[in-house]
Amino acid sequence: MGSYARCHEEVDALKQSSTTVQELPGAAPYRPTPPPEWKPRTDPAPLLPDPEPLRVLGTDAAASADPALLRRLYAELVRGRRYNTQATALTRQGRLAVYPSSTGQEACEVAAALVLQERDWLFPSYRDTLAAVARGLDPVQALTLLRGDWHTGYDPREHRVAPLCTPLATQLPHAVGLAHAARLKGDDVVALAMVGDGGTSEGDFHEALNFAAVWRAPVVFLVQNNGFAISVPLSKQTAAPSLAHKAVGYGMPGRLVDGNDAAAVHQVLSEAVDRARRGGGPTLVEAVTYRMEAHTNADDATRYRGDAEVEAWRAHDPVRLLERELTERGLIDEDGIREAAEAAEAMAARLREGMNADPVLDPMDLFAEVYAEQTGQLREQAAQLRAELDAEAEQGGHDDRTAGDGRGGRGTEGGTR
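Reading the values: rules and limits
- Residues numbered from 1 in each chain as written.
- Predicted model: local features only at pLDDT ≥ 70, side-chain atom pairs only at ≥ 80, totals over all residues.
- Heavy atoms only, no water.
- Helix = DSSP H or I, 4+ residues; strand = E, 2+ residues; numbered from the N terminus.
- Buried < 20%, exposed > 50% of the residue type's maximum accessible area, 1.4 Å probe, protein only.
- Contact = heavy atoms within 4.5 Å.
- Areas by Shrake-Rupley, 256 points an atom, 1.4 Å probe, with all protein chains shown as cover.
- 1 Å grid on protein atoms, 1.4 Å probe; cavity = no way out; pocket = protein on both sides within 12 Å on 5 of 7 lines; lining within 4 Å.
- Points joined across faces, edges and corners; volume = space filled by probe spheres on them.
- Nonpolar A, V, L, I, M, F, W, Y, C, P; charged D, E, K, R; others polar.
- Core = buried A, V, L, I, M, F, W, Y, C linked by side-chain atoms within 4.5 Å.
- Phe/Tyr/Trp six-rings, centres within 6.5 Å; stacked < 30°, edge-to-face > 60°.
- Pairing = 2+ DSSP bridges.
- Salt bridge = Lys/Arg side-chain N within 4 Å of Asp/Glu carboxyl O.
- Axes fitted to C-alpha atoms, helices over the stretch in contact; angles between N-to-C directions.
- Left-handed = near helix turned anticlockwise from the far one by under 90°.
- Expected span 1.5 Å × (residues − 1).
- Polar contact = N/O pair within 3.5 Å; in protein donor to acceptor, adjacent residues only side chain to side chain.

Draft legend 1. Examining the overall build of the protein chain more closely. The secondary structure content of the protein chain amounts to 15 helices and 7 strands. Buried residues in the protein chain amount to 45% of all 417 residues. The contacts in the protein chain between residues at least 6 apart in sequence include a share of 76% that link residues at least 24 apart. Approximately 21,600 Å² of the protein chain is accessible, and the part contributed by carbon and sulfur atoms is 51%.

Draft legend 2. Fine view of the layout of surface pockets. Considered as a void within the structure, the largest pocket measures approximately 370 Å³ in volume. If you trace the largest pocket, you find 17 residues lining it, with Thr42, Ala213, Tyr250, Gly251 and Met252 closest to the centre. A per-class count over the lining of the largest pocket returns 8 nonpolar, 6 polar and 3 charged.

Draft legend 3. Spatial organisation of the nonpolar core. By size, the foremost hydrophobic cluster in this structure holds 64 residues, and its most contacted members are Tyr74, Tyr83, Leu143, Leu192, Leu269 and Leu322. Among the elements that line this core, the one with the most residues is helix α11 (residues 262-277), at 9 residues. When sequence neighbours within four positions are dropped, the list of residues in contact with Leu143 reads Tyr83, Ala87, Leu90, Leu96, Tyr99, Leu351 and Met355. Counting residues in hydrophobic clusters, the runner-up holds 27 residues, among them Ala179, Ala182, Ala193 and Tyr250.

Draft legend 4. Inspection of the packing of aromatic side chains at higher detail. Evaluation of the coordinates by the stated rule reveals 5 aromatic pairs. Each ring, one from Phe211 and one from Trp215, has its centre 4.7 Å from the other, and the planes form 35°; the classification is tilted. With Phe211 and Trp215 both in helix α9 (residues 203-215) and 4 residues apart, the pair spans about one turn of that helix. Plain terms: the ring middles of Phe228 and Tyr304 are 5.3 Å apart, the flat faces sit at 55° to each other, and that makes the pair tilted. Placement of Phe228 in strand β4 (residues 228-229) and of Tyr304 in the loop between β7 (283-288) and α12 (307-314) is noted, with a sequence separation of 76 residues between them.

Draft legend 5. Examining unusual backbone geometry more closely. Located in the positive-phi region is Arg160, a residue other than glycine, with phi close to 55°. Counting through the fold element by element, Arg160 comes out in the loop between α7 (156-159) and α8 (171-185). Of note, the phi angle at Arg216 is positive, near 50°, even though the residue is not glycine. Within the element layout of this structure, Arg216 appears in the loop between α9 and β3 (219-225). The exposure class of Arg216 is partly exposed, given its relative accessible area of 44%.

Draft legend 6. Representation of the side chain of Ser125 in the model. Relative to the assigned elements, Ser125 resides in the loop between β1 (121-123) and α4 (129-134). When its relative accessible area of 10% is taken as the criterion, Ser125 is described as buried. Excluding anything up to four places from it in sequence, Ser125 contacts Leu164, Cys165, Gln171 and Met194.

Draft legend 7. Examining the pairing of β7 more closely. Most of β7 sits out of view: 5 of its 6 residues are buried. Across 6 bridges, β3 lies against β7 in parallel orientation. Among the inter-strand pairings, Phe221 is bridged to a residue of β7, identified as Leu284. Across 5 bridges, the pairing between strand β6 (residues 254-258) and β7 is parallel. Opposite Asp258, over in β7, you have Val288 as the bridge partner.

Draft legend 8. A look at the pattern of salt bridges. Inspection of the entire model under this criterion finds 17 salt bridges. Note that Asp335 and Arg338 form a salt bridge whose closest N and O atoms lie 2.4 Å from each other. Taken together, the residues span about one helical turn, with Asp335 and Arg338 both in helix α14 (residues 334-356) at a distance of 3 residues. For Asp335, a relative accessible area of 38% puts it in the partly exposed group. One salt bridge in this structure joins Glu345 and Arg352, with 3.7 Å as the shortest N-O distance. One salt-bridge network, in which partners are shared between bridges, spans Arg119, Asp120, Asp188 and Arg277.

Draft legend 9. Structural context of the packing of helix α2 (residues 67-92) against α14. In contact at an axis separation of 9 Å, α2 and α14 are set at 35° when each is read in the N-to-C sense. As α2 packs across α14, the resulting crossing turns out to be right-handed. Counted together, Tyr74, Ala75, Val78, Arg79, Arg82, Tyr83, Gln86 and Leu90 of α2 and Ile337, Ala340, Ala341, Ala344, Glu345, Met347, Ala348, Leu351, Arg352 and Met355 of α14 form the full contact between these two elements. Taken together, the residues of the contact of α2 with α14 sort by class into 13 nonpolar, 1 polar and 4 charged.

Draft legend 10. A look at the sheet that holds β3. If you trace the 5 strands from one edge of the open sheet to the other, you get β1-β2-β3-β7-β6, paired in parallel fashion. Strand pairing shows two members of the sheet lacking a second neighbour, β1 and β6, which therefore form its edges. Averaged over all pairs of adjacent strands, the angle between strand axes in this sheet comes to 20°, irrespective of strand direction. Pairing geometry for β1 and strand β2 (residues 191-196), over 3 bridges, is parallel. From the neighbouring strand, Trp121 faces β2, where its bridge partner is Ala191.

Draft legend 11. Looking closely at α2. The end-to-end C-alpha distance of α2, which contains 26 residues, comes to 38 Å, matching closely the 38 Å that a straight helix rising 1.5 Å per residue would cover. Its side-chain oxygen 3.2 Å from the backbone nitrogen of Ala68, Asp66 forms the N-cap of α2. Just past α2, the residue Gly94 takes up positive phi, approximately 80°.

So this is what it looks like as structure tokens:
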């Protein structure tokens, strides 16, 4: 018998003859015991979401809603719907590289923008251009990233809107960090971070909620559950009763709301923002909504969902829900509806005009807005490119549009955008 076979026989013999400490003659039986004086750190009951999403429109609660707020929400919803249709048309015309439409989700987008005060911060995802526009951002600037021009296209500090985030959920830890830092400085600031249901499967989601709860950071997480992460349905992502239930595991309250009910979304987010501002910590809000259009203009949604499903949700359209509430209560008439539509059309015309203008590009912008203070290597590279551009201009083959500081004379200076 070889040494290898003998070794295995010895191991088998040891396995058959070995005993654990608990199996020794006279040993007390093993009884697992809990830690001394163990008890839950937090009562989970107050953190649990309601069994059904909160609704306001079409219920008795609508009677107590502020009429002025409802009319403003309606005007923004109409403008938002027109913004989505216009941006989608721009992709077909080649003016936009891609556009992730939020048609059907306008109630979430608008409410998220309107509940924030000027000093607060919005942290959007790539689908949340409408939320940025509703917060006051110029519609053309909001589409600059999707046009393939500048990375952001606007000054985040000026508008208190973080850059539109394309990687899933990476904006959530940023929101927590800003909110926590603001509280340490004594600033009365709340951060509202938006994410889709697909983003809740990312590690950044877990890290952000965990830090936010431990630090009691003044941040609100709004999950727009629109049914699909591109083509992956929610049932393939989580077995939780709802995404709002995930809040309990982190020690924060979870709220469930009808994401197509603009009044309900505004109410729930307002309560969450007020709670955060008072020092109550973060809240996870799940808005149940639906993406009416494809994931982007490059997606074929018919491959993973049927027309009947889309039509069922079309009957729960956020614009029509609010319009019906306003008309039935006599809060808006045909003139008011027409005014909202005309204002939306005027916005769309300005958007077309801005997007039809060719951007003035400056190669030196490669070095702008990279660091607050440029590194020596960047200065060296900028000088090299400037010399090449000057040499090309002297040869007469250079387009004057790319010779200067096409964006307000920033040139090679560092920036803080």
